[in-house]
Amino acid sequence: MGSFPNIQSNLGDYVEMFVDFLDEGLEGLFDLIFFISSRTINGIEAFLNFLPWWLFIILIILVGWYFKSIGSGLLYGLFMFLVGTFGLWDEMMMTISIVVSAVLICLVLGIPLGVYMAFSKGFSTVMRPILDAMQTMPSFVYLIPAIFFFGLGNVSAIFATLIYALPPVIRLTELAIRGVDEEVIESAQSFGSSRWQMLMKVQLPQALPTIMAGVNQTTMMALAMVVIASMVGAQGLGEQVLISINRIDIALGFEAGISIVFLAIIIDRVTNGVADRFQKHRRAK
Amino acid sequence: MAENKIKIDHVSKIFGPKPKTIAPMIKEGKSKDEILAETGHTVGVYDASMEINEGEVFVIMGLSGSGKSTLIRCFNLLNKPTDGAIYVDGENIVEYKTPQLKKFRQDKIAMVFQHFGLFNHRTILGNVEYGLEIKNMSKEERQKIAQENIELVGLKGYEDKYPDELSGGMQQRVGLARALANDPDILLMDEPFSALDPLIRRDMQLELLDIQERLKKTIVFITHDVNEAFKIGDRVAVMKDGKVVQVGTPESILEAPANDYISDFIKDIDRSKVFQAEHVMIKPNALVSLKDGLNVAVKEMQQNGISSVFVVDRGRHLKGIVTIDAAIEGIKQKKSLEDVVDTDVTTVAKEDYINDIIPKALESKFPLAVTNKEDKLEGFILRVHVLSGLVADDIEESKEYHGYYQATNNQTIEDIEK
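Remember, predicted model here, so these are calculated numbers, not experimental data.

Draft legend 1. Representation of the overall build of chain B. Tallying secondary structure elements over chain B gives 19 helices and 16 strands in all. For chain B, the C-alpha radius of gyration of 27 Å lies well beyond 22 Å, the compact-globule estimate for 418 residues. Taken over the C-alpha atoms alone, chain B extends approximately 85 × 55 × 40 Å along its principal axes. Residue burial in chain B is summarised as follows: out of 418 residues, 41% are buried.

Draft legend 2. Fine view of the packing of helix α7 (residues 139–152) of chain B against helix α8 (residues 168–181) of chain B. Residue and element names in this part refer to chain B. One can describe the packing of α7 onto α8 by two numbers: an axis separation of 9 Å at closest approach and a directional angle of 135°. Judged by the inter-axis angle, α7 sits oblique to α8. Note on packing geometry: the crossing formed by α7 with α8 is right-handed. In contact with Ile-145, Ala-146, Asn-149, Ile-150 and Leu-152 of α7, α8 contributes Ala-177, Leu-180 and Ala-181. Class assignment of the residues belonging to the contact of α7 with α8 gives a composition of 7 nonpolar, 1 polar and no charged.

Draft legend 3. Structural context of the sheet that holds strand β14 (residues 347–349) of chain B. All names here are of chain B. Overall, mixed pairing links the 3 strands, which are arranged β14-β15-β16 in an open sheet. Pairing within the sheet leaves two strands with one partner each, and these edge strands are β14 and β16 (377–381). Averaged over all neighbouring strand pairs, the angle between strand axes comes to 35°, with direction disregarded. Bridging between β14 and strand β15 (residues 368–371) involves 3 bridges; their strand directions are parallel. The residue of β15 that forms the bridge with Val-348 is Val-370.

Draft legend 4. Region of interest: the sheet that holds strand β9 (residues 235–240) of chain B. All names here are of chain B. Here we have 6 strands laid out as an open sheet, ordered β6-β7-β8-β3-β9-β10, and mixed in their pairing. For this open sheet the edge positions go to β6 (109–112) and β10 (243–248), each flanked by a neighbour on one side alone. Direction aside, neighbouring strands of the sheet carry axes that sit 20° apart on average. Where β6 meets strand β7 (residues 186–190), 4 bridges bridge the pair, whose relative direction is parallel. Bridge assignment links Ile-109 to a residue of β7, and that residue is Ile-186.

Draft legend 5. Seen up close, the interface of chain B and chain A. Of the residues lining the interface, 20 residues belong to chain B; the matching set on chain A comes to 18 residues. Those elements that provide at least two residues to the side of chain B that touches chain A are α4 (98–107), β6 and α6 (130–133) of chain B. With 4 residues, α4(B) is the largest single contributor of residues to the side of chain B that touches chain A.

Draft legend 6. Summary view of unusual backbone geometry. All names here are of chain B. Of note, Lys-216 is a non-glycine position whose phi angle comes to about 55°, a positive value. Note on placement: Lys-216 falls in the loop between α9 (198–215) and β8 (218–223). Lys-216 sits in the exposed class, given 12 other C-beta atoms within 10 Å. The residue Asp-375 is not glycine, and still its phi comes out positive at about 70°.

Draft legend 7. Examining the pairing of β9(B) more closely. All names here are of chain B. Across the 6 residues that make up β9, a large majority, 5, are buried. Across 5 bridges, the pairing between β9 and β10 is antiparallel. Along β10, the bridge assignment pairs Val-238 with Gln-246. Remark: 2 residues form the turn of the hairpin made by β9 and β10, two consecutive strands paired antiparallel; Asp-241 in that turn has positive phi of roughly 50°.

Draft legend 8. Local environment of the domain arrangement of chain B. By the assigned domains, chain B splits into domain 1 (4–108 + 184–269) and domain 2 (278–417). The distance between the C-alpha centroids of domain 1 of chain B and domain 2 of chain B comes to 44 Å.

Draft legend 9. Structural detail: the environment of Lys30(B). Residue and element names in this part refer to chain B. Within the secondary structure, Lys-30 sits in the loop between α1 (19–27) and α2 (32–39). On the basis of neighbour count, Lys-30 is assigned to the partly exposed category, with 17 C-beta atoms found within 10 Å. Those residues within four positions of Lys-30 in sequence are excluded, and the remaining contacts are Met-25 and Ile-35.

Draft legend 10. Layout of the environment of Met111(B). One can find Met111(B) in strand β6. Between the C-alpha atoms of Met111(B) and Pro192(B), which are 81 residues apart in sequence, the distance is 9.6 Å. If we skip the residues at most four places from it in the chain, Met111(B) touches Ser187(A), Ser190(A), Asn76(B), Ala179(B), Leu188(B) and Asp190(B).

Thresholds applied
Residues numbered from 1 in each chain as written. Chains lettered and ligands numbered in written order. Predicted model: local features only at pLDDT ≥ 70, side-chain atom pairs only at ≥ 80, totals over all residues. Helix = DSSP H or I, 4+ residues; strand = E, 2+ residues; numbered from the N terminus. Rg over C-alpha atoms; globule rule 2.2 N^0.38 Å. Buried ≥ 20, exposed ≤ 12 C-beta atoms within 10 Å, placed from the backbone. Axes fitted to C-alpha atoms, helices over the stretch in contact; angles between N-to-C directions. Parallel < 35°, antiparallel > 145°, perpendicular 65-115°, else oblique. Left-handed = near helix turned anticlockwise from the far one by under 90°. Contact = placed C-beta atoms within 7 Å. Nonpolar A, V, L, I, M, F, W, Y, C, P; charged D, E, K, R; others polar. Pairing = 2+ DSSP bridges. Domains from an automatic or database assignment.

Put into structure tokens, the structure is as follows:
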């Protein structure tokens, strides 16, 4: 039967040309992004390294105690201690700084975008397919332009993480703002609130529990990108996993892997605990 | 215009893709169903007009889908009318630009919602002070005012609780306090008590009337409950299919329903809770003053063909009642009017509901005396009047009963004379 006719389109080439164009034309912008991202990571890392290891563990125990229970706090402290005994303490701190920086940038970009999508139907229609593409495009694909723009290193890792982890917080912010009870909106309007007052005093606080669920998802996805991001030069636990693959080192691979799992558990439970805090006085009517 | 607080002038609200183009069809007199079939537009409010006076409780009553909630949202432009004008204090608010509208909502009008519309991320205090907070009032001042209003609705001690920690009735008190904190001229209440259970609802109705007695706001109140409407409304507008079918006092609507729909609506109403003493009482033809003496009393009774007559002083304050038997006996024994007057007369206030009068009418051996606020005698009520007040059709019938009563009594008087 007939094979596909000899028609060729060079979409990939055009994208490459577009990326080249961006790299040259928007160099200033990328420099700025690089500057901000690297400053954020370095700042957080410097702070984490400034803390003595025992103080960090105590802080984790206290945070776990405050948001969950004393038992959870002690368990999280034990997890941290175990990672230290694997000899991966510094790598864990590096991973935490990358994840936290990525999440911070995601929130700064994602929440305003989500809010705007909730208000503008047109913008929402444009953004939806873009968000779908960001979530489904294999992550290796945008590692390449990341290197192009920012070179090998932590900043490229953050860029790649952003693309993957940004959609949930945007989507859930939009959903949350749209989902605020109509009568609550009407009552705020009936008192003569301005749009800004409405957003800051009513819509965002009402939407916060759902937005926190988005933050939780975004954080978990950022953590999931740690290993892939190490391919463009991110340091930390992901890099150890990559090294162990290259060396076929089962011991190191498991230690680095289980450390990532520990981190994931702690971050997930703590962000969930924060979300529950916000949820406390919002039982459904 | 000045005497009306609010004037709704041919207001229509149409929902659909191009509502403005539909407005002329209403002027042509096309029905709601025709417009829906021809254009796919839903008419929420169909050419509604009404005037609401300062300080009255104006109830808009109708079944669900009658457009009452849509109409009340036009009063503060949560719904912008498609056509028509709304005058508040003589200004057409439909033409307001955003800053004017904001000021109008902040200063003049507040709303209470069916499902309360509370901010569940704020404490009770935080909810009540919201309206003042967005006016940028200082924290100290607004919390003081909020506190006063929380106490007004009887929620003292709950300031730091969250809405979901309170019962439905208490939550609606918060809604009321929040609306009152802004000290609005006009209070819009959209089925405020419909979500509450019947006992709580009754308490809240009484409390609202109590608060209204003190604050004298202009209240626009929405309900689907005809008993609630007639209980708290000074005047009631009945809506059906987006149209205002009848506007009037509860008594006038009961006496003369505009059409079968309204008759049907009010069929089950408890009339004894709507009609008051003044609606069933009779103005006395004959009154005797204390100084007139017994002979005058007998003459008055004979002339009017009645068997007893009320005795009053110069200021028409009730002194008692004297029967024809007692009067004739008194003349025989050469007593004065003051000696034979029977002071055991049951009095009721003009505003008392028939419901409250029934037991008194059963116990009293004389007609009930009806007095006004200055304690002056205004009229009297016989048992038949109480009964006829409860019968739906024609309250005027009570006069026939009264005529019958007079006729039978004439006989007794004649008998006595023989």
